[in-house]
Every structure is written in structure tokens, then in C-alpha cells.
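Fold and contact review
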Amino acid sequence: HHPPLLTWDTFCCLPAARKQNAPVKLGAVSPIQMILDVENLPPCPSRTQCPECRQFIMTETFTSVSSVTWLVCVMTALIGCVAGCCLIPFCLDSFKSTTHRCPKCRTSISTIKKL
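Definitions and cut-offs
Residues numbered from 1 in each chain as written. Predicted model: local features only at pLDDT ≥ 70, side-chain atom pairs only at ≥ 80, totals over all residues. Heavy atoms only, no water. UniProt positions renumbered as here; feature names shortened; annotations may be inferred. Helix = DSSP H or I, 4+ residues; strand = E, 2+ residues; numbered from the N terminus. Buried < 20%, exposed > 50% of the residue type's maximum accessible area, 1.4 Å probe, protein only. Contact = heavy atoms within 4.5 Å. Pairing = 2+ DSSP bridges. Expected span 1.5 Å × (residues − 1). Arc of directions from axis to C-beta. Phe/Tyr/Trp six-rings, centres within 6.5 Å; stacked < 30°, edge-to-face > 60°.

In the annotation of an unreviewed UniProt entry, the entry for the protein reads LITAF domain-containing protein, and the organism field reads Seriola dumerili. Its UniProt record, at the heading Sequence similarities (unreviewed entry), says of the protein: "Belongs to the CDIP1/LITAF family."

Structure, rendered in C-alpha cells:
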């Protein structure tokens, strides 16, 4: 008997079973994994150990404009979408960098860049 495979859905608090419309028992708790390799954190809040204060925490995440955001904006403008459509990348987190921060000591733990 093998343990269930962990997916990004597990890390992002959305059990894969719910996406597949499988029945979920009330009161069932999703497995929460501690990620100690801070260079491989997913783009959502995750349980890890802060390398600065050494506390076990759930990271805070926030997004910021990155070079990918600007690149998609310029490329969209170059193909003729200058009537405001080129600003869409600034509204979507998928075109931004994600930073994980410790909620206790406020140290930046990891930044996930798109390029």
C-alpha cells in the first residue's frame, strides 16, 4: 500500500479529490506537508522553517511586478493591443513574482520569479 501522491493542490490547500468531484468526508483534514527546502516552495502560503528565526511557520505570500509583467505588457502593445489591454499583465498574479515571508520576523524567505 503506497501513500497518496502529493500534488501542488495539496500544498495550495485544494485537495485534488475535490477537483475530481470525489466525495469528501466532513471533518476530513488534508495532509499538510512541511517543506524544508525553501528554494522549492510553491506559489501559495506553505509550512516551512524560517531560516532566520528558525521557527516553524506558515509563510505569508505577496506578489510584485516583475520583468515578465513588463515583457508581456510590451509584447501585447507591439501586436496592437494598446487600448488598455496591454495593462492586463499588471492585474494577473500569474505574470508577477511571488515572495514568501516569515510572519514572525518578517524576513523574506524566497522569491519565485517567472523568468
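From this point on, the discussion continues.
1. Focus: the overall build of the protein
Regarding its fold elements, the protein presents 3 helices and 5 strands. N-terminal to C-terminal, the α/β element order of the protein is α-α-β-β-β-α-β-β. Looking at the 115 residues of the protein, the share that counts as buried comes to 25%. Sequence-distant contacts in the protein: of pairs separated by 6 or more residues, those separated by 24 or more amount to 48%.

2. Examining the pairing of strand β5 (residues 108–112)
Where strand β4 (residues 97–101) and β5 come together, 4 bridges link them in antiparallel fashion. Note on β5: the bridge partner recorded for T99 is T111. Where β4 hands over to β5, the hairpin turn is made up of 6 residues, of which R106 adopts a positive phi near 65 degrees.

3. Concerning unusual backbone geometry
Phi at R54 is positive, roughly 65 degrees, even though this residue is not glycine. Tracing the chain through its elements places R54 in the loop between β1 (47–49) and β2 (56–58). Notably, R106 is not glycine yet its phi reads approximately 65 degrees, a positive angle. Among the residues examined, R106 registers a relative accessible area of 48% and is labelled partly exposed.

4. Some words on helix α3 (residues 67–78)
Between the first and last C-alpha of α3 there are 16 Å, a value that for 12 residues agrees with the 16 Å anticipated at 1.5 Å per step. Buried within α3 are the following residues: V68, T69, C73 and T76. Buried residues of α3, viewed axially, fall in a sector of 135 degrees; they line one side. In α3, the exposed positions angled more than 90 degrees off the buried face are occupied by S67, W70 and L78. One or two positions beyond α3, positive phi appears at G80, with a value near 110 degrees.

5. Concerning the UniProt feature "transmembrane region" (unreviewed entry) in the protein
In this numbering, the UniProt entry assigns the feature "transmembrane region" (unreviewed entry) to residues 68–92. Secondary structure across residues 68–92 divides into 44% helix and 0% strand, with the first and last C-alpha atoms of the span separated by 11 Å.

6. Some details on the packing of aromatic side chains
Scanning all chains against the criterion turns up 1 aromatic pair. Between W70 and F90, the ring centres sit 4.9 Å apart and the planes meet at 75 degrees, which makes this aromatic pair edge-to-face. Placement of the pair is W70 in helix α3 and F90 in the loop between α3 and β4, with a sequence separation of 20 residues.

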